[in-house]
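Overview (structure and organization)
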Amino acid sequence: MEQHKRRVRYSGKYPKKFEEKYKEHNPEKYADTVAHVIEKGSTPAGMHISIMVREILEFLEIRPGQQGLDCTLGYGGHSRKMLEQLQGQGRLVSLDIDPIESEKTVRRLREAGYGEDIFQFCLTNFANIDEVAAKYGTFDFVLADLGVSSMQIDDPKRGFSYKLEGSLDLRLDPLHGDSAAQRLRQISQKEFEGMLIENSDEPYAKEIAGQVFDRMRKGAAMDTTMELRQAVEDALAKVSGSMSKSERAELVKKSCARTFQALRIDVNSEFEVLYSFLEKLDGILKPGGRVAILTFHSGEDRLVKKAFKQLKRASVYAEIAEDVTRPSAEECRMNPRAKSTKLRWAVKA
């Protein structure tokens, strides 16, 4: 007989730590609690709220019998909605490189009734879409959501957030490759400065890189999220002397976010992956096939915009988005993490 496991105890009226929020981790059992958290404009622990679902479905025009590709399964919100549109006819193939979260998501979708006849999952990077198409054939519709899932951001063990104490990891696949802490020990101060500029347009790249590497030269490990955050704060203290307390706090917040973003992009080779994906994309689409891409920072959006325009001029795409579509004000209120999202689309000739 399986021994009963007591839930994590917490102090105070409400749980504060990620692992203590047991109701939010079990949305099927505690639907009212989860709904309340979302209504307040927060993302429940262990969940991810899919962005711009209505706009994506309106563009993709999914019909029963079609074959689609979700390049980033994540929590499965987009995949589930696309499967609903197929109405039991056709197939959706979903990809992800996170072995931890994807296992949970696939289990939820199987329990929801989506068997292998209509839903297939591949544990692979979306840079490998040509290999996926070689196995399953070309696609009528494709979605690529380039954002990091909330489950990854909110779990301190993954090291994605400068707000939470945890190991400085930042890998989308935590079982392979070097962590962000290891990367910092492999590169030079000048390389880190360039990374901050190229990957996140950080205006204080020189000061932050200088502070981080000065600390490491003096013996600091720079192994945790809080160690890196403190280095950023100390670097900005030298340039924010005349600012008010609230202005300094906002400056630190934005530079911390950009610093973690720059490291995450480097650790996961995100630009290289996106380059590869965009180069192979038209080859996996059927004639008239539709693709929608969600980006979350200017570097990603520039790459997508440039690729779409080049292939439109070459008559590979019959139509592309002339401008980005952004989430509604109401969606941003309900899900603040949607604010930076940009949607671009293309239709193959």
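Further up the page is the structure itself.
We now turn to the structure provided with this report.

Take helix 8 (residues 189-200) next. For helix 8, which comprises 12 residues, the first-to-last C-alpha distance of 16 Å matches the rise-based estimate of 16 Å (1.5 Å per residue) to within 8%. For helix 8, the full list of buried residues reads Phe 192, Glu 193, Met 195, Leu 196, Asn 199 and Ser 200. Burial along helix 8 is one-sided: seen end-on, the buried residues are contained in an arc of 155 degrees. In helix 8, those exposed residues whose orientation departs by more than 90 degrees from the buried face are Lys 190 and Glu 198. Contacts from the buried residues of helix 8 go to helix 7 (180-186), helix 9 (205-217), helix 11 (245-267) and helix 12 (270-284). One or two residues past the end of helix 8 sits Asp 201, with phi positive at roughly 55 degrees.

This paragraph deals with helix 13 (residues 298-313). Between its first and last C-alpha, helix 13 extends 22 Å over 16 residues, near the 22 Å set by a 1.5 Å rise per residue. Tucked inside the fold, the buried residues of helix 13 contact helix 12, strand 5 (285-295), strand 6 (317-320) and strand 7 (342-348). Backbone geometry just after helix 13 places Ser 315 at a positive phi near 65 degrees.

Right, let's get into the environment of Val 53. Its location among the elements puts Val 53 in helix 2 (residues 53-60). As a C-alpha pair, Val 53 and Lys 81 span 28 residues in sequence and 7.8 Å in three-dimensional space.

So, about the pairing of strand 1 (residues 67-70). Residues of strand 1 alternate between two faces, with Gln 67 and Leu 69 on one and Gly 68 and Asp 70 on the opposite face, all of them buried. Relative to strand 2 (residues 91-96), strand 1 runs parallel, the two sharing 4 bridges. Across the sheet, the residue bridging to Asp 70 is Ser 94, located in strand 2. Since strand 1 and strand 2 lie parallel, the crossover through helix 3 (residues 77-86) that links them has a hand, and here it is right-handed. As judged from the 3 bridges shared by strand 1 and strand 4 (residues 139-145), these two strands associate in the parallel manner. Residue pairing across strands places Asp 70 opposite Leu 143, the latter belonging to strand 4.

Our next topic: the packing of helix 2 against helix 3. One can describe the packing of helix 2 onto helix 3 by two numbers: an axis separation of 11 Å at closest approach and a directional angle of 40 degrees. In this view, helix 2 runs oblique relative to helix 3, as classed from their interaxial angle. For the pair helix 2 and helix 3, the crossing hand works out as right-handed. Contact with helix 2, carried on its side by Val 53, Ile 56, Leu 57 and Leu 60, involves His 78, Lys 81, Met 82 and Gln 85 of helix 3 and no other residues of that element. Tallied by class, residues from the contact of helix 2 with helix 3 come to 5 nonpolar, 2 polar and 1 charged.

So, how was this worked out
Residues numbered from 1 in each chain as written. Predicted model: local features only at pLDDT ≥ 70, side-chain atom pairs only at ≥ 80, totals over all residues. Heavy atoms only, no water. Helix = DSSP H or I, 4+ residues; strand = E, 2+ residues; numbered from the N terminus. Expected span 1.5 Å × (residues − 1). Buried < 20%, exposed > 50% of the residue type's maximum accessible area, 1.4 Å probe, protein only. Arc of directions from axis to C-beta. Contact = heavy atoms within 4.5 Å. Pairing = 2+ DSSP bridges. Right-handed = clockwise from strand over helix to strand, strands pointing away. Axes fitted to C-alpha atoms, helices over the stretch in contact; angles between N-to-C directions. Parallel < 35°, antiparallel > 145°, perpendicular 65-115°, else oblique. Left-handed = near helix turned anticlockwise from the far one by under 90°. Nonpolar A, V, L, I, M, F, W, Y, C, P; charged D, E, K, R; others polar.

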